[in-house]
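For reference, the chains in residue letters:
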Amino acid sequence: FVEASVRFGRVLMLRGRTQEAVTVLRRVAGHEADDDVQYYGWMFYGPALTQAGRSHEALQAFGAAAALYPAAQSPQLAISQVAADAGDPALARAAPERVFTSAVNTRRDDPWWRYLDGSGRDDDAARRAFVDRVRALPLPSPDGWRVR
């Protein structure tokens, strides 16, 4: 349930529960999942770390997201903001320049623009996995069904 944890971490952040978000996202950021889910994990972990006062670690999280999608704009803009807030004007200027100076033929793919579509991703696969898990549960014996 890596993707669910990533999304839950985001909700915790939106609700102002920063420490809980850091804890949840620390477990799943970079976890074995598809590239989009890993990217979202890093992109949500970064702001959680920033709000927790850990800007150096936030820069690393955004850097990990940028490594997954080198031409993506979102992690570079986040790096720029955190660097500016941390008093590093050189990095604050350099990060967004990476977006504009990348090769013309580079695919400018940023999963951030697909995030809201994500709740329906792999819907059939998720449903099948759920049904398989339910079917694998041991059933109680008939006398275990007593109603009180």
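Everything discussed here concerns the structure shown above.
First, a word on scope: everything that follows refers to the structure included in this document. All figures in this text were calculated on a predicted structure; none of them were measured in a lab.

1. Brief notes about the nonpolar core
So, step 1. Among the nonpolar cores identified, the biggest contains 30 residues, and Val6, Leu25, Tyr39, Tyr45 and Phe62 are the most heavily contacted of them.
So, step 2. Of all elements in the fold, only helix H1 (2-14), helix H2 (18-28), helix H3 (35-51), helix H4 (55-68) and helix H5 (73-85) reach the threshold of two or more residues within this core.
So, step 3. In terms of residues, this core owes the most to one element, H3, which gives nine residues.
So, step 4. Apart from the residues within four sequence positions on either side, Tyr45 is in contact with Val22, Leu25, Arg26, Ala29, Arg54 and Ala61.

2. What to know about H5
So, step 1. Between its first and last C-alpha, H5 extends 19 Å over 13 residues, near the 18 Å set by a 1.5 Å rise per residue.
So, step 2. Along H5, the residues that are buried comprise Ser74, Pro75, Gln76, Ala78, Ile79, Ser80, Val82 and Ala83.
So, step 3. Among the structural elements, H3, H4 and helix H6 (89-101) are those in contact with the buried residues of H5.
So, step 4. Looking one or two residues past H5, Gly87 carries a phi angle of roughly 85°, positive in sign.

3. A closer look at the packing of H2 against H3
So, step 1. Where H2 meets H3, the closest approach of the two axes is 9 Å, and the angle between their N-to-C directions is 145°. When you trace H2 past H3, the crossing you get is left-handed. When H2 is examined against H3, the residues Thr18, Ala21, Val22, Leu25 and Arg26 are found in contact with a partner set consisting of Gly41, Phe44, Tyr45, Ala48, Leu49 and Gln51.
So, step 2. Here the contact of H2 with H3 is built from residues that sort into seven nonpolar, three polar and one charged.

4. A closer look at the packing of aromatic side chains
So, step 1. Summed over the entire model, instances satisfying the criterion amount to five aromatic pairs.
So, step 2. Both rings, one in Trp42 and one in Tyr45, keep their centres 6.3 Å apart while their planes meet at 45°; by these two values the pair is tilted. Of the two residues, Trp42 and Tyr45 are both situated in helix H3; the distance of three residues between them amounts to about one turn of the helix.
So, step 3. Taking relative accessible area as the criterion, Tyr45 reaches 8% and is therefore assigned buried.
So, step 4. Aromatic ring contacts, followed pair by pair, group Tyr39, Tyr40, Phe44, Tyr69 and Trp112 into a single cluster.

Thresholds, definitions, all that
- Residues numbered from 1 in each chain as written.
- Predicted model: local features only at pLDDT ≥ 70, side-chain atom pairs only at ≥ 80, totals over all residues.
- Heavy atoms only, no water.
- Core = buried A, V, L, I, M, F, W, Y, C linked by side-chain atoms within 4.5 Å.
- Buried < 20%, exposed > 50% of the residue type's maximum accessible area, 1.4 Å probe, protein only.
- Helix = DSSP H or I, 4+ residues; strand = E, 2+ residues; numbered from the N terminus.
- Contact = heavy atoms within 4.5 Å.
- Expected span 1.5 Å × (residues − 1).
- Axes fitted to C-alpha atoms, helices over the stretch in contact; angles between N-to-C directions.
- Left-handed = near helix turned anticlockwise from the far one by under 90°.
- Nonpolar A, V, L, I, M, F, W, Y, C, P; charged D, E, K, R; others polar.
- Phe/Tyr/Trp six-rings, centres within 6.5 Å; stacked < 30°, edge-to-face > 60°.

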